[in-house]
Amino acid sequence: MADEKCWEIKKDCLMRGRSQETAGCPAYRADKSCWEIDWREVIKYLPASQQEYWYSHMDRCPECIAFKSHPEEMQARIDELKSFYLND
Ligand code: SF4
């Protein structure tokens, strides 16, 4: 499990089997796990409504098996995003 990507760990990930070029998830498109991506770089160019989506979506992360496999790294990503979003 240590080297698996988030979509490999999260068996019901909606990205599994999709084309990485056109996938809706920025992490999957970048071939990086959710704990490896700087979500600030992702959301800062999005319209406010989509920023709000990704910001509120992060509240569910702690329930996710991918988060549970890398809690420190992913919590750091969430904290980065929250401090960025709140200070934007
Ligand atoms: S961040 Fe979530 S939705 Fe995106 S690929 Fe990883 S598990 Fe799937």
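Being a predicted model, the structure only gives us computed values, none of them experimental.

## Things to note about the overall build of the protein chain
Move 1: For the protein chain, the helix and strand inventory stands at six helices and zero strands.
Move 2: In sequence order, the protein chain lays out its α and β elements as α-α-α-α-α-α.
Move 3: Here the C-alpha atoms of the protein chain give a radius of gyration of 13 Å, agreeing with the 12 Å that 2.2 N^0.38 yields for 88 residues.
Move 4: A principal-axis box enclosing the C-alpha atoms of the protein chain has dimensions of 35 × 30 × 15 Å.

## Points about the packing of aromatic side chains
Move 1: For the structure shown, the criterion picks out three aromatic pairs.
Move 2: Between tyrosine 53 and tryptophan 54, the aromatic rings sit 5.2 Å apart at their centres with planes inclined by 80 degrees, giving edge-to-face as the arrangement.
Move 3: Taken together, the ring pairs in this structure connect Trp39, Tyr53 and Trp54 into an aromatic cluster.
Move 4: The side chain of lysine 82 reaches across the aromatic face of tyrosine 55, ending 4.7 Å from its centre.

## Side note on the environment of glutamate 4
Move 1: The topology assignment puts glutamate 4 in the segment before helix 1 (6-9).
Move 2: It is 23 Å that separates the C-alpha atoms of glutamate 4 and arginine 40, two residues lying 36 residues apart in sequence.
Move 3: The contact partners of glutamate 4, leaving out residues within four places of it in the chain, are Ile9, Lys11, Ser33 and Trp35.

## Observations regarding the nonpolar core
Move 1: One finds Cys34, Trp35, Trp39, Met58 and Met74 to be the most contacted residues of the largest nonpolar core, which totals 24 residues.
Move 2: Looking at this core, the elements that each hand over two or more residues are helix 1, helix 2 (26-29), helix 3 (39-43), helix 5 (65-69) and helix 6 (71-87).

## Some thoughts on the site of the ligand
Move 1: Taken together, Cys6, Trp7, Lys10, Cys13, Met15, Cys25, Tyr28 and Cys34 form the complete shell of residues around the ligand.
Move 2: Looking at the shell around the ligand, its residues break down into seven nonpolar, no polar and one charged.

## Some remarks on helix 4 (residues 48-57)
Move 1: All buried positions along helix 4 are accounted for by Gln51, Trp54 and Tyr55. Viewed along the axis of helix 4, the buried residues span an arc of 100 degrees, placing them on a single side of the element.

## Remarks on the environment of cysteine 13
Move 1: Relative to the assigned elements, cysteine 13 resides in the loop between helix 1 and helix 2.
Move 2: On the basis of relative accessibility, which here comes to 17%, the residue cysteine 13 falls in the buried class.
Move 3: A sequence separation of 53 residues divides cysteine 13 from alanine 66, and the C-alpha atoms of the two residues are 9.8 Å apart.

## Re unusual backbone geometry
Move 1: We note that aspartate 31 has phi near 55 degrees; this positive angle belongs to a residue other than glycine.
Move 2: Tracing the chain through its elements places aspartate 31 in the loop between helix 2 and helix 3.

The rules behind each value
- Residues numbered from 1 in each chain as written.
- Predicted model: local features only at pLDDT ≥ 70, side-chain atom pairs only at ≥ 80, totals over all residues.
- Heavy atoms only, no water.
- Helix = DSSP H or I, 4+ residues; strand = E, 2+ residues; numbered from the N terminus.
- Rg over C-alpha atoms; globule rule 2.2 N^0.38 Å.
- Phe/Tyr/Trp six-rings, centres within 6.5 Å; stacked < 30°, edge-to-face > 60°.
- Lys NZ or Arg CZ within 6 Å of the ring centre and 35° of its normal.
- Contact = heavy atoms within 4.5 Å.
- Core = buried A, V, L, I, M, F, W, Y, C linked by side-chain atoms within 4.5 Å.
- Buried < 20%, exposed > 50% of the residue type's maximum accessible area, 1.4 Å probe, protein only.
- Near = heavy atom within 4 Å.
- Nonpolar A, V, L, I, M, F, W, Y, C, P; charged D, E, K, R; others polar.
- Arc of directions from axis to C-beta.

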